[in-house]
Amino acid sequence: MTDTTELRPRKLFIKTYGCQMNVYDSDRMADALAPHGYEPTPVIDDADLVVLNTCHIREKASEKVFSELGRLAELRREGGRDFTIGVAGCVAQAEGEEIARRSKAVDLVFGPQSYHRLPELLSRVRRGTPVVETEFPEEDKFEHLPLAQKQVIRSRGLTAFLTVQEGCDKFCSFCVVPYTRGAETSRPLEQVLTEARRLIEAGVRELTLLGQNVNAYHGLDAAGRSIGLGELCARLAEIEGLARLRYTTSHPSDMTDELIAAHRDNDKLMPYLHLPVQSGSDTILKAMNRRHTRADYLRTIERIKAARPDMALSGDFIVGFPGETDADFEQTLSIVREVGYASAFTFKYSIRPGTPGADMDGQVEEAVKTERLARLNELVTAQMRGFARACVGRTLDVLLDKPGRLPGQLGGRSPYLQAVHLEASADLIGTVQPVLIVGAGNNSIEGKIVTHAERNPASVLESQELAAISAALEHTRT
Ligand code: 5AD
Ligand code: SF4
């Protein structure tokens, strides 16, 4: 029997913490609720349902949830208005019952594998009891999640995320993901293609394929054959209207020859790769259970650059993992210098209960972590600026995807995921234009559209351009 109370219009407010996979999941939750009369609102005070889509990766991320729940409880008590409070995401998965115990205001706690059951879970909440749902259900949630309406996709912009893989079997000793997101699984090829076609028909020009360990993708095709990420990208590139493809996050051990060859052969795959190394010290990599050495990582990068010489790299780094000495940390600085990153994310090691790292000897003092993080940040910031400066004078293909901050301006993305702003007319939104980069700020670069005739003839970097980038990076090594 249908619950008719669900059909009157209701407002949904989702607050998303953490990674891009949560951003994607929040949209899919909204899609699951749309047929039941829920419309998204950006105003929390208007909401009938507030969902916190949480992140458990580091302690700080996790703690934010409890302070937000305190605020919501107060809003409900003192605002004189009733609304339902749900907690989703990795904190929900990891701490289900504990959340319901710590915060009496919470009506619903549900893990990432239950998003397709959200309408049904809400009906149970309406019957009066708080619901905690953190089992990994048998059914495939993606088979049950409705695809978004075209106008909803359009309202989300011209670039979109598409989760193709979930979970992780790597068990790095610092990381909660294998526990919160479960075993590694890949969505079947046809399911991914169907969702991609819908997004592209609605106007999406750039897709970023997501997975906690996305390059381990091994989905089945219609014939039951397992295919890798390189082949998936080839199939997606065939869809007319798609201009660009990216994927994140990758593990160095899963950079197969097939995937690397795709970077040479598939011109829709952008020359920017997020490939975390975490540490430059073999001792620490071993303790982290990373399953690769420093030399393995550097060799992988050489293979990638041989296939795609203009590949820009991005990374994640953890400082202060248990047992990390000054000498180990110096190794991290040295691998950063050796690779030269276009972008980097740096973190202090954060103890995650239940992971092997939490019980290791040699936990590093907070003050030491702080000092190491500051030194690493100084280096990566200089590299990022050097990379941006080295783009000045080059012509880059820019996907213009939104109006700019000032009238007459548009915003877009370079192949290297840099935010670009320039003056251009709004009818160019959705197109890829050759843009001469004329300036580099801290968070974006500035350019002007050049005609195709003026265009730098080489679409891949020429040797003098590569030399300019190397020189800029070299400058940061002092
Ligand atoms: N402490 C600090 N950083 C962590 N990360 C994952 N777990 C931890 C932790 N316990 C970082 C890693 C990972 C990124 C998403 O978050 O660098 O690549
Ligand atoms: Fe976590 Fe990534 Fe390691 Fe998997 S590969 S355990 S997601 S850091």
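Basis of the calculations
- Residues numbered from 1 in each chain as written.
- Chains lettered and ligands numbered in written order.
- Predicted model: local features only at pLDDT ≥ 70, side-chain atom pairs only at ≥ 80, totals over all residues.
- Heavy atoms only, no water.
- Salt bridge = Lys/Arg side-chain N within 4 Å of Asp/Glu carboxyl O.
- Buried < 20%, exposed > 50% of the residue type's maximum accessible area, 1.4 Å probe, protein only.
- Helix = DSSP H or I, 4+ residues; strand = E, 2+ residues; numbered from the N terminus.
- Near = heavy atom within 4 Å.
- Polar contact = N/O pair within 3.5 Å; in protein donor to acceptor, adjacent residues only side chain to side chain.
- Areas by Shrake-Rupley, 256 points an atom, 1.4 Å probe, with all protein chains shown as cover.
- Nonpolar A, V, L, I, M, F, W, Y, C, P; charged D, E, K, R; others polar.
- Phe/Tyr/Trp six-rings, centres within 6.5 Å; stacked < 30°, edge-to-face > 60°.
- Pairing = 2+ DSSP bridges.

1. Looking at the pattern of salt bridges
Summed over all chains, the structure comprises 35 salt bridges. Here Arg-308 makes a salt bridge to Asp-310, at a shortest N to O gap of 2.7 Å. For the pair Arg-308 and Asp-310, one class covers both residues: buried. Between Glu-324 and Arg-372 there is a salt bridge; the shortest N-O distance is 2.9 Å. Of this pair, Glu-324 sits in the loop between β15 (312-319) and α13 (326-339) while Arg-372 sits in helix α14 (residues 366-391), and the two are 48 residues apart along the sequence.

2. Comments concerning the site of ligand 1
Around ligand 1, the structure places Ile-57, Arg-58, Phe-174, Gln-278, Asp-316, Ile-318, Phe-347, Lys-348, Tyr-349, Ser-350 and Arg-352. Contact distances for ligand 1 include 2.6 Å between an oxygen atom and a side-chain N or O atom of Asp-316. Within the complex, the protein chains bury 87% of what would otherwise be the 400 Å² of accessible surface of ligand 1. For the shell around ligand 1, the elements supplying multiple residues, two or more each, are β15 and β16 (343-348). For the shell around ligand 1, the residue count by class is 5 nonpolar, 2 polar and 4 charged.

3. Some words on unusual backbone geometry
Comment: phi is negative for the bulk of residues other than glycine, and the bulk of peptide bonds are trans. For the bond from Thr-248 to Thr-249, the omega torsion is 5°, close enough to zero to count as cis. Positionally, Thr-249 belongs in the loop between β13 (244-248) and α10 (257-265). Notably, Phe-171 is not glycine yet its phi reads approximately 55°, a positive angle. Tracing the sequence through the fold places Phe-171 in the loop between β8 (165-166) and α7 (177-180). Although it is not a glycine, Arg-291 adopts a positive phi angle of roughly 65°. Its place among the elements puts Arg-291 in the loop between α11 (282-287) and α12 (294-307).

4. Comments concerning the packing of aromatic side chains
By the definition in use, this model includes 6 aromatic pairs. With a centroid separation of 5.6 Å and 80° between ring planes, the pair formed by Phe-171 and Tyr-179 is classed as edge-to-face. The partly exposed category is assigned to Phe-171, whose relative accessible area is 37%. A relative accessible area of 40% means that Tyr-179 is categorised as partly exposed.

5. Observations concerning the environment of Asp-257
For Asp-257, the location among the structural elements is in helix α10. When its relative accessible area of 57% is taken as the criterion, Asp-257 is described as exposed. Sequence separation of Asp-257 and Val-435 is 178 residues, and the distance between their C-alpha atoms is 32 Å.

6. Considerations on the pairing of β15
For β15, the tally of buried residues reaches 8 of 8 residues, placing the bulk of the element in the interior. Bridge analysis of strand β14 (residues 272-274) against β15 gives 3 bridges, and the strand direction is parallel. Within β15, the residue paired with Leu-273 across the bridge is Leu-313. Of the strand pairs in this sheet, β15 and β16 are connected by 6 bridges, and their pairing is parallel. For Phe-317, the partnering residue across the bridge sits in β16 and is Thr-346.

7. A look at the site of ligand 2
Contacts to ligand 2 come from Cys-168, Lys-170, Phe-171, Cys-172, Phe-174, Cys-175, Val-177, Pro-178, His-251 and Arg-290. Taken together, the residues of the shell around ligand 2 break down into 7 nonpolar, 1 polar and 2 charged.

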